[in-house]
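What follows is each chain in one-letter form.
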Amino acid sequence: MPLGLLKYAWKSPESMPRFFPDETPLKKHYDAVIIGGGGHGMACAYYLAKEHGLTNVAVLEKGYIGGGNTGRNTTIVRSNYLTSEGVAFYDESLKLFEDLSDEFDLNIFYSTRGHYTLAHSDSALHTMRWRAEVNKFHGIDSEVVDAAHVKKHVPYMDTNCGGHLPVMGALYHAPGSVARHDAVAWGYARGAQSYGVEIHQKTAVTDIRTVGDRVTGVQTDRGFIETPRVISMVAGSTPTVAAMVGLKTPIEIFPLQACVTEPVKPFMDTIVVSGSLHVYVSQSSRGELVMGASVDPAQLHSTRSTLDFVEGLTDQMVDLFPFTSRLKIMRQWAGMSDLTPDFAPIMGKTPIKGFYLDGGWGTWGFKATPVSGKTMAHTVATDETHHLIQPFSLDRFERFNLVGEKGAASVGH
């Protein structure tokens, strides 16, 4: 029996503290206001308080903690990106993920599985070799393996794909992992509140006030708040919030859908991704197959899932894993994927003094949760851009200095 469960059994319900304390009334002034109560917003609040002593902070969430894209993703964590900038950034995030359960005293169900990105063509295999060399140069554990290796280590997969697109090889990334997305957001939220940060759910920001080129406060549906610092961490709502201060971003919003099957006995101890088939899949700790595909083809601010998505995804899944034809789909959902032209995020300072931006995550925001919070907290507290996010500044589009991560992020995962 786990020690935590045994301790709980000997305590009365009255002696157990609430996971989150009661919310307090909004104050008239905060040193910083974070818009967005997902993983990124909570992580930023946590590191602002813990590492920089900035505790007079409010996190404003129009819904509930982790109810946006944080609660709608497929929980994959990896660092096998294509560019040097992406590899350094996501590898730091992966390292932070490994210690979060101990840091929060909360099981986030972090599980290292190994991550296979399948190649079904010569051009795809070329890209895998390219990514592997970039990864190895930066000390990341990635290698190209042949079809025989894939067949040996993923024996339940039909590497012939029903004769449609046979597997020619794969990029194998041993540190590839999964974690429970809700627990990550809850852990950061509870940690932030333990330092005095306030979290206000059901609180929508309707406007951001500026004087000249400087932020002075935010208008909410519960009143006005004075603050010299506003951090936008709202994923698919980024263009709406940025417009409140007169900023235009090159972000486009596409729905990204996913689903899970009924739970079955554990058999899949790896993560499998196919860019050609637009499929990625892993098995959760509850036995469900967690599956997703690429973003929808048309721009739309919507979280509605469709029959067309699940029909297309299951058709490709049966090519890779024929036995899944017997499984039932239990749930499906969608999130809003905020994509940039170079498939890399927008982070850091903006032309509006005191307004900081964290957006453009597309399909890979969850895996960046710890490092996003840590680097944005540093940037906000010191007003100096953290070195890991300097390549992701908003003005890179004016300077035509794009990052170019599409080769490692063209499938939603």
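Residues numbered from 1 in each chain as written. Predicted model: local features only at pLDDT ≥ 70, side-chain atom pairs only at ≥ 80, totals over all residues. Heavy atoms only, no water.

K.L.:
Would you mind going over the sheet that holds strand S1 (residues 32-35) in detail, with residue names and values included?
P.N.:
The strand order across the open sheet formed by six strands is S9-S2-S1-S13-S20-S19, and the pairing between neighbours is mixed. Whereas interior strands pair on both sides, the edge strands pair on one side only; in this sheet they are strand S9 (198-200) and strand S19 (346-349). Strand-to-strand, the axes of this sheet are offset by a mean angle of 15 degrees, without reference to chain direction. Across four bridges, S1 lies against strand S2 (residues 57-60) in parallel orientation. In the strand pairing of S2, Ala 32 is matched with Val 57. (Pairing = 2+ DSSP bridges. Helix = DSSP H or I, 4+ residues; strand = E, 2+ residues; numbered from the N terminus. Axes fitted to C-alpha atoms, helices over the stretch in contact; angles between N-to-C directions.)

K.L.:
Lay out the sheet that holds strand S8 (residues 177-178) with the relevant residues and their values.
P.N.:
Overall, antiparallel pairing links the three strands, which are arranged S3-S8-S4 in an open sheet. The open sheet has two edge strands, strand S3 (76-77) and strand S4 (111-112), and neither has a second partner. Of the strand pairs in this sheet, S3 and S8 are connected by two bridges, and their pairing is antiparallel. If you follow Ile 76 over to S8, its bridge partner there is Val 178.

K.L.:
How would you explain the nonpolar core if you had to name every residue and give the values?
P.N.:
The biggest cluster of nonpolar side chains holds 58 residues, and the ones touching the most others in it are Ile 34, Phe 89, Phe 97, Ile 108 and Tyr 188. Looking at this core, the elements that each hand over two or more residues are S1, helix H2 (39-52), S2, helix H3 (84-98), helix H4 (100-104), helix H7 (181-194) and helix H10 (369-382). When residues of this core are assigned to their parent elements, the largest contribution, eight residues, is made by H2. Taken domain by domain, this core gets at least three of its residues from each of domain 1 (26-72 + 182-250 + 342-408) and domain 2 (112-175 + 252-339). If we skip the residues at most four places from it in the chain, Phe 97 touches Val 77, Ile 108, Tyr 110, Ala 179, Val 184, Phe 366, Lys 367, Thr 369 and Pro 370. (Core = buried A, V, L, I, M, F, W, Y, C linked by side-chain atoms within 4.5 Å. Buried < 20%, exposed > 50% of the residue type's maximum accessible area, 1.4 Å probe, protein only. Domains from an automatic or database assignment. Contact = heavy atoms within 4.5 Å.)

K.L.:
Provide a residue-level description of the domain arrangement of the protein, including the pertinent values.
P.N.:
Its domain assignment divides the protein into domain 1 (26-72 + 182-250 + 342-408) and domain 2 (112-175 + 252-339). Put simply, the middle of domain 1 and the middle of domain 2, counted by C-alpha atoms, are 30 Å apart. With 17 residues of domain 1 at the contact, the number on the domain 2 side is 15 residues. In total, domain 1 and domain 2 occlude about 1,100 Å² of area from one another, counting both sides; carbon and sulfur atoms represent 52% of this. On the domain 1 side of the interface with domain 2, the three residues burying the most area are Arg 72, Gly 236 and Gly 362, jointly 42% of the side's total. (Buried area = accessible area lost by both parts, 1.4 Å probe.)

K.L.:
Describe the packing of H2 against H7, with residues and values.
P.N.:
Packing of H2 against H7 brings their axes to within 8 Å, and their N-to-C directions diverge by 30 degrees. The angle between H2 and H7 falls in the class roughly parallel. The handedness of the crossing between H2 and H7 comes out as left-handed. Seen from H2, the contacting residues are Gly 39, Met 42, Ala 43, Ala 45, Tyr 46 and Tyr 47; seen from H7, they are Ala 185, Tyr 188, Ala 189, Gly 191 and Ala 192. Looking at the contact of H2 with H7 residue by residue, the class counts come to nine nonpolar, two polar and no charged. (Parallel < 35°, antiparallel > 145°, perpendicular 65-115°, else oblique. Left-handed = near helix turned anticlockwise from the far one by under 90°. Nonpolar A, V, L, I, M, F, W, Y, C, P; charged D, E, K, R; others polar.)

K.L.:
Run through the pairing of strand S12 (residues 223-226), naming residues and quoting values.
P.N.:
Each regular strand displays side chains that alternate between the two surfaces of the sheet. Across four bridges, the pairing between strand S11 (residues 214-220) and S12 is antiparallel. Paired with Gln 219 across the bridge in S12 is Phe 224. As consecutive antiparallel partners, S11 and S12 are separated by two residues.

K.L.:
Break down a negative patch on the surface for me, with residues and values.
P.N.:
A surface patch of like charges, here negative, comprises Glu 98, Asp 99, Asp 102 and Asp 105. Residue position: Asp 105 is located in the loop between H4 and S4. A relative accessible area of 68% places Asp 105 in the exposed class. (Patch = residues over 30% accessible without salt bridge, like charges linked within 9 Å, V, L, I, M, F, W, Y side chains within 5 Å. Areas by Shrake-Rupley, 256 points an atom, 1.4 Å probe, with all protein chains shown as cover. Salt bridge = Lys/Arg side-chain N within 4 Å of Asp/Glu carboxyl O. Lys, Arg positive; Asp, Glu negative; His and termini not counted. Charge placed at Lys NZ, Arg CZ, Asp CG, Glu CD.)

K.L.:
Before we move on, could you go through the pattern of salt bridges and cite the residues and values that matter?
P.N.:
Taken as a whole and judged by the stated rule, the model has 10 salt bridges. Residue Asp 383 is joined to Lys 349 by a salt bridge in which the shortest nitrogen-to-oxygen separation is 3.9 Å. Residue Asp 383 is located in the loop between H10 and helix H11 (406-409), and its partner Lys 349 is located in strand S19; the two are separated by 34 residues in the primary sequence. Take Asp 383: its relative accessible area is 35%, and that puts it in the partly exposed class. A relative accessible area of 36% means that Lys 349 is categorised as partly exposed.

K.L.:
Give me the packing of aromatic side chains: which residues, what numbers.
P.N.:
All chains considered together, the criterion is met by 18 aromatic pairs. Seen in terms of ring centroids, Phe 89 and Tyr 90 are 5.1 Å apart; in terms of plane orientation they differ by 90 degrees. Their pairing is edge-to-face. Accessibility expressed as a relative area gives 0% for Phe 89, which makes it buried. Members of the aromatic cluster, each reached through a chain of ring pairs, are Tyr 46, Tyr 47, Phe 104, Tyr 188 and Tyr 195. Above the plane of the ring of Phe 224 lies Arg 209, whose end atom (NZ or CZ) is 4.0 Å from the centre. (Phe/Tyr/Trp six-rings, centres within 6.5 Å; stacked < 30°, edge-to-face > 60°. Lys NZ or Arg CZ within 6 Å of the ring centre and 35° of its normal.)

K.L.:
So what about the side chain of Ser 232? Which residues, and what values?
P.N.:
For Ser 232, the location among the structural elements is in strand S13 (residues 230-232). Those residues in contact with Ser 232 that lie beyond four places of it in its chain are Ile 35, Val 241, Phe 355, Tyr 356, Leu 357 and Asp 358.

K.L.:
Hey, could you go over H7 for me, with residue numbers and the actual values?
P.N.:
Here H7 spans 20 Å end to end across 14 residues, near enough to the 20 Å set by a 1.5 Å rise per residue. Judged by how many residues are buried, H7 sits mostly within the fold: 10 of 14 residues are covered. Those residues of H7 that sit buried are His 181, Ala 183, Val 184, Ala 185, Gly 187, Tyr 188, Ala 189, Gly 191, Ala 192 and Gln 193. Residues of H7 that are buried in the fold lie against H2, H3, H4, S9 and H10. Positive backbone phi, approximately 105 degrees, marks Gly 196, located one or two places after H7. (Expected span 1.5 Å × (residues − 1).)

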